[in-house]
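Below, each chain spelled out in residue letters.
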Amino acid sequence: EHHIKAIHDAMAEFETLTCINFVKRKTERDYLNIRSADGCWSNYGKVGGGQTVSVMKGGCMWKGIIQHELDHALGFLHEHSRSDRDKYVKIMWEYISMADRADFRKFENSNNLGLPYDYSSVMHYGP
């Protein structure tokens, strides 16, 4: 019950601050299946059918993490993956494990929506 409330609270704030509204699934063919799987993750953008958004109990049940994974499901990339990121941050590859390097890949043709680089974005990893 506590975890469900955390997810609903994260969604409610998201709806307050954006034009996105989450609705309870009825018969939709494509939907988000939010569950406690193996970690904090989601595919980028719509994949079709029941799309898993994993917010594992015990590690991912924070508003910012839930919103981060929902943003991925909506098609948003990490802020530090923007095409212009090298003007704002230095990726210190020597401190990033091989398994985690994909999370720091730069998308050369990213659409930054004309927005300034946002160090405090929920989509930006911390130092």
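Check the entry above for the structure.
Residues numbered from 1 in each chain as written. Predicted model: local features only at pLDDT ≥ 70, side-chain atom pairs only at ≥ 80, totals over all residues. Heavy atoms only, no water.

Draft legend 1. A look at the overall build of the protein. Along the backbone of the protein there are 2 helices and 3 strands. Reading the protein from its N end, one meets helices and strands in the order α-β-β-β-α. For the protein, whose C-alpha radius of gyration is 15 Å, the value lies close to the compact-globule estimate of 14 Å for 127 residues. Projecting the C-alpha coordinates of the protein onto the three principal axes gives extents of approximately 45 × 30 × 25 Å. With 127 residues in all, the protein has 33% of them scored as buried. The long-range fraction of contacts in the protein, counting pairs at least 24 apart against all pairs at least 6 apart in sequence, stands at 52%. As displayed, the protein has an accessible area near 8700 Å², and 54% of this comes from carbon and sulfur atoms. Counting 16 positive and 17 negative side-chain charges, the protein places the centres of these two groups 4 Å from one another. (Helix = DSSP H or I, 4+ residues; strand = E, 2+ residues; numbered from the N terminus. Rg over C-alpha atoms; globule rule 2.2 N^0.38 Å. Buried < 20%, exposed > 50% of the residue type's maximum accessible area, 1.4 Å probe, protein only. Contact = heavy atoms within 4.5 Å. Areas by Shrake-Rupley, 256 points an atom, 1.4 Å probe, with all protein chains shown as cover. Lys, Arg positive; Asp, Glu negative; His and termini not counted. Charge placed at Lys NZ, Arg CZ, Asp CG, Glu CD.)

Draft legend 2. Structural context of the sheet that holds strand β2 (residues 40-42). Here 3 strands make up an open sheet; going across it, the order is β1-β3-β2 and the pairing mixed. Each of the sheet's edge strands pairs with one partner strand only, and the pair in question is β1 (31-35) and β2. Strand after strand, the sheet turns through a mean of 25° between neighbouring axes, direction not considered. The pairing of β1 with strand β3 (residues 50-55) spans 5 bridges and is parallel. Residue pairing in the sheet places isoleucine 34 in a bridge with valine 53 of β3. (Pairing = 2+ DSSP bridges. Axes fitted to C-alpha atoms, helices over the stretch in contact; angles between N-to-C directions.)

Draft legend 3. Up close: the environment of histidine 72. Looking at the secondary structure, you find histidine 72 in helix α2 (residues 63-73). Sequence-wise, histidine 72 and valine 55 are 17 residues apart; in three dimensions their C-alpha atoms are separated by 12 Å. When neighbours within four sequence positions are excluded, histidine 72 is seen to be in contact with Ser42, Asn43, Tyr44, Gly45, Leu77, His78 and Met123.

Just distances and angles here, no functional claims.
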